[in-house]
Amino acid sequence: MSQKRQMRSATLRAQPHRGRKKLFGGLKSAEQVHADVAFPVGARCQSCNGPRPVVRAITMCPLSDAIKQWPELQQLDPPTLFKRIVQIKENPADAMGAPYVRVSMVYSCKACAPALEKSLAKLPSWMIVEINRGPGPDKILVEVN
Ligand SMILES: [Zn+2]
């Protein structure tokens, strides 16, 4: 390893929280900003009903399976049903995507998030789950002024 490269890796090791600085001049962490602005007013944790959600999970399933599982979906008026339909590309070659129905959207606080993820893992394989955990240690943080 070259001396320059050694110095660079030593610098990276000396800054364990590199990229995790606080925003707005040190007032709030990225996680706090995300919790403040990413969720609708009145969003509450599904499990403990706490007022500070930090995770959002959306479950979706193919339209055909949704109609089979929940025949009452056919009773919905078209605008309401269309609002819940999203196009999901099942593979990269898929140009149009397949229609999926948003079945549920739940929020979770930090304490209840592991239990939520455990319960989401038990869903049938034909369902898709989108989990938005917001900023985390694995994501690069850039503040744009
Ligand atoms: Zn909770």
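About the thresholds
Residues numbered from 1 in each chain as written. Predicted model: local features only at pLDDT ≥ 70, side-chain atom pairs only at ≥ 80, totals over all residues. Helix = DSSP H or I, 4+ residues; strand = E, 2+ residues; numbered from the N terminus. Buried ≥ 20, exposed ≤ 12 C-beta atoms within 10 Å, placed from the backbone. Contact = placed C-beta atoms within 7 Å. Pairing = 2+ DSSP bridges. Axes fitted to C-alpha atoms, helices over the stretch in contact; angles between N-to-C directions. pLDDT = per-residue confidence, 0-100.

### Topic: the overall build of the chain
Turning to step 1, where the next piece is worked out: For the chain, the helix and strand inventory stands at 5 helices and 4 strands.
Turning to step 2, where the next piece is worked out: Walking the chain from its N terminus toward its C terminus, one meets helices and strands in the order α-α-β-α-α-β-β-α-β.
Turning to step 3, where the next piece is worked out: Per-residue burial for the chain yields a buried fraction of 12% across its 145 residues.
Turning to step 4, where the next piece is worked out: A separation of at least 24 residues holds for 68% of the contacts in the chain among residues at least 6 apart in sequence.

### Structural notes on unusual backbone geometry
Turning to step 1, where the next piece is worked out: Phi is positive for Asn-49, which is not a glycine, with a value near 65 degrees.
Turning to step 2, where the next piece is worked out: In this structure, Asn-49 sits in the loop between helix H2 (30-37) and strand E1 (55-62).

### A look at the sheet that holds strand E2 (residues 85-88)
In any sheet, the strands associate via hydrogen bonds between backbone groups, in a parallel or an antiparallel arrangement.
Turning to step 1, where the next piece is worked out: What the 4 strands build is an open sheet, ordered E2-E3-E1-E4; its pairing is antiparallel. What marks the edges here is a single partner per strand, and that holds for E2 and strand E4 (128-132). The sheet shows a mean angle of 35 degrees between the axes of neighbouring strands, direction not considered.
Turning to step 2, where the next piece is worked out: Where E2 meets strand E3 (residues 98-108), 4 bridges bridge the pair, whose relative direction is antiparallel. Within the sheet, the bridge partner assigned to Ile-88 lies in E3 and is Ala-98.
Turning to step 3, where the next piece is worked out: Strands E1, E3 and E4 of the sheet are contacted by helix H5 (residues 113-121), whose axis makes an angle of about 10 degrees with E1.

### A word on the environment of Leu-141
Turning to step 1, where the next piece is worked out: Summarising the element assignment, Leu-141 is placed in the segment after E4.
Turning to step 2, where the next piece is worked out: Accessibility expressed as a C-beta count within 10 Å gives 17 for Leu-141, which makes it partly exposed.
Turning to step 3, where the next piece is worked out: The spatial distance from the C-alpha of Leu-141 to the C-alpha of Lys-22 is 9.5 Å, given a sequence separation of 119 residues.

### Brief notes about the environment of Glu-117
Turning to step 1, where the next piece is worked out: Tracing the backbone through its elements, the reader meets Glu-117 in helix H5.
Turning to step 2, where the next piece is worked out: We classify Glu-117 as partly exposed; it has 15 C-beta atoms within 10 Å.
Turning to step 3, where the next piece is worked out: As a C-alpha pair, Glu-117 and Val-129 span 12 residues in sequence and 9.8 Å in three-dimensional space.

### Side note on the confidence of the model for the chain
Low-confidence regions, as indicated by low pLDDT, have predicted coordinates that should not be scrutinised in detail.
Turning to step 1, where the next piece is worked out: Predicted confidence across the chain gives a mean pLDDT of 83, with 85% of residues reaching 70 or more.
Turning to step 2, where the next piece is worked out: The lowest-confidence element of the chain is helix H1 (residues 3-14), averaging 53 in pLDDT; the highest-confidence one is H5, averaging 95.
Turning to step 3, where the next piece is worked out: For residues 11-19, every residue scores under 50 in pLDDT, and the model assigns this stretch 3 contacts once sequence neighbours within four places are set aside.

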